[in-house]
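Breakdown of the fold
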Amino acid sequence: MPDHVYKKIEVVGSSAKGFEEAVQNALARAEKTVRNMRWFEVTETRGNIDEGKIGDWQVTLKIGFTLEE
């Protein structure tokens, strides 16, 4: 197996339905323009409050992908 070199980007996903969907939304959007995605790391979780209830979840991800030759 050849050595891999990775690059990381940071994206923020959001969802009114929950944490996991916010992660899925971020990954799905990144996949449209980033090739060779290999892993992700959740670095921050937050949300907004709307009339005393959770309005939206926001999740910051670092996504690692391999660089092409």
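An account of the accompanying structure is given in this report. (Residues numbered from 1 in each chain as written. Predicted model: local features only at pLDDT ≥ 70, side-chain atom pairs only at ≥ 80, totals over all residues. Heavy atoms only, no water.)

**Looking at the sheet that holds strand β3 (residues 53–66)**
Strand order in this open sheet of three strands is β1-β3-β2, and the pairing throughout is antiparallel. Across the chains shown, the open sheet's two edge strands, defined by having one partner strand only, are β1 (6–15) and β2 (37–50). Between one strand axis and the next, the sheet turns by 15° as a mean value, whatever way the strands run. Alignment of β1 against β3, held across 10 bridges, turns out to be antiparallel. Across the sheet, the residue bridging to Ser14 is Gln58, located in β3. Against the sheet, helix α1 (residues 19–31) makes contact with β1, β2 and β3, and its axis sits at roughly 40° relative to β3, the strand it touches most. (Pairing = 2+ DSSP bridges. Helix = DSSP H or I, 4+ residues; strand = E, 2+ residues; numbered from the N terminus. Axes fitted to C-alpha atoms, helices over the stretch in contact; angles between N-to-C directions. Contact = heavy atoms within 4.5 Å.)

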